[in-house]
Amino acid sequence: GLVQFAMAVQDIRYYLNGLLVLVEDRQLRLVATDGHRLAYAALALPASLPRLEVIVPRKTVLELSKLLADSDDEVRIELSATQAAFSFGAVELVSKLVDGKFPDYTRVIPTQHKNQVTLEREVLRQALQRAAILSNEKYRGIRFAVKPNLLTIQSHNPEQEEAEEEVEVTYEGEEIEIGFNVNYLMDA
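Residues numbered from 1 in each chain as written. Predicted model: local features only at pLDDT ≥ 70, side-chain atom pairs only at ≥ 80, totals over all residues. Heavy atoms only, no water.

> Give a description of the overall build of the chain that names residues and reports values.
On a plain count of helices and strands, the chain comes out with three helices and eleven strands. Taken from N to C terminus, the helices and strands of the chain fall in the order β-β-β-β-α-β-β-β-α-β-β-β-β-α. Expressed as a percentage of the 188 residues in the chain, the buried residues total 36%. Contacts in the chain between residues far apart in sequence, at least 24 positions, make up 55% of those at least 6 positions apart. Counting only carbon and sulfur atoms, one obtains 50% of the accessible surface of the chain, whose full area is about 12,500 Å². Across the chain, the centroid of the 20 positively charged side chains sits 6 Å from that of the 29 negatively charged ones. (Helix = DSSP H or I, 4+ residues; strand = E, 2+ residues; numbered from the N terminus. Buried < 20%, exposed > 50% of the residue type's maximum accessible area, 1.4 Å probe, protein only. Contact = heavy atoms within 4.5 Å. Areas by Shrake-Rupley, 256 points an atom, 1.4 Å probe, with all protein chains shown as cover. Lys, Arg positive; Asp, Glu negative; His and termini not counted. Charge placed at Lys NZ, Arg CZ, Asp CG, Glu CD.)

> Report on the nonpolar core, specifying residues and quantitative values.
Counting residues in hydrophobic clusters, the biggest one holds 20 residues, and the most contacted among them are V3, L19, A32 and V56. Of all the secondary-structure elements, those providing two or more residues to this core are β1 (18-24), β2 (27-33), β3 (38-44), β4 (52-57), α1 (58-69) and β6 (83-88). Beyond its immediate stretch of four places on either side in the chain, A32 contacts V3, A6, M7, G18, L19, R37, L38, A39 and F102. In terms of nonpolar packing, the next biggest core, distinct from the first, is built from 13 residues, A132, I142, F144 and V169 among them. (Core = buried A, V, L, I, M, F, W, Y, C linked by side-chain atoms within 4.5 Å.)

> Describe unusual backbone geometry, with residues and values.
The backbone of N149 shows a phi angle near 65°, a positive value even though the residue is not glycine. Relative to the helices and strands, N149 is located in the loop between β8 (141-147) and β9 (150-156). With relative accessibility at 38%, the residue N149 sits in the partly exposed group. Even without being glycine, Q160 reaches a positive phi, approximately 70°. Position of Q160 relative to the elements: it lies in the loop between β9 and β10 (162-168). Residue Q160 is classed as exposed on the basis of its relative accessible area of 67%.

> Help me get a handle on the sheet that holds strand β5 (residues 76-79), residues and values and all.
Spatially, β5-β6-β7 is the arrangement adopted by the three strands of the open sheet, whose pairing is antiparallel. Across the chains shown, the open sheet's two edge strands, defined by having one partner strand only, are β5 and β7 (91-96). Taken over all neighbouring pairs, the strand axes of this sheet differ in orientation by 10° on average, direction set aside. Bridge count between β6 and β7: six bridges; the pairing is antiparallel. Bridge pairing in β7 places F86 opposite L93. (Pairing = 2+ DSSP bridges. Axes fitted to C-alpha atoms, helices over the stretch in contact; angles between N-to-C directions.)

Here it is as structure tokens:
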């Protein structure tokens, strides 16, 4: 659920139409990207396991997500070079894997964030929903203008309609402006 929204849909780069499952350094890492945005989640493992990197197909991920929504059972994951098996409760789901090389996601995740803005998740979600209404239907662009303690979210469309939202934030850095696809922000 945390990363599946970023999987590609019918991308010619078939290896993006799935979810990277990586076992490494006592962690289970899940990564999805469609080439525009990337989602990453990590979970600590109880023991050190051999490194393993597989791509689970999109269809399997969506089905697994649906099945897990109704279950609180612990999930057992078994991975081989060609298959993944997920067992919980009375369910056992076995899937072929995507044969391909997932891009190096570590190269696109910044390690030094110079500007950090803090605000309530729900306040941001609601402001984005309101701004999205008047964003361009094709490009879905919105603009963030950040200055100390204030975030301004702006959108407009070809009909010359505009929306502007102001939100109090915790921010002490320099003034910046940046554009986003509002759908990507709301997904996250």
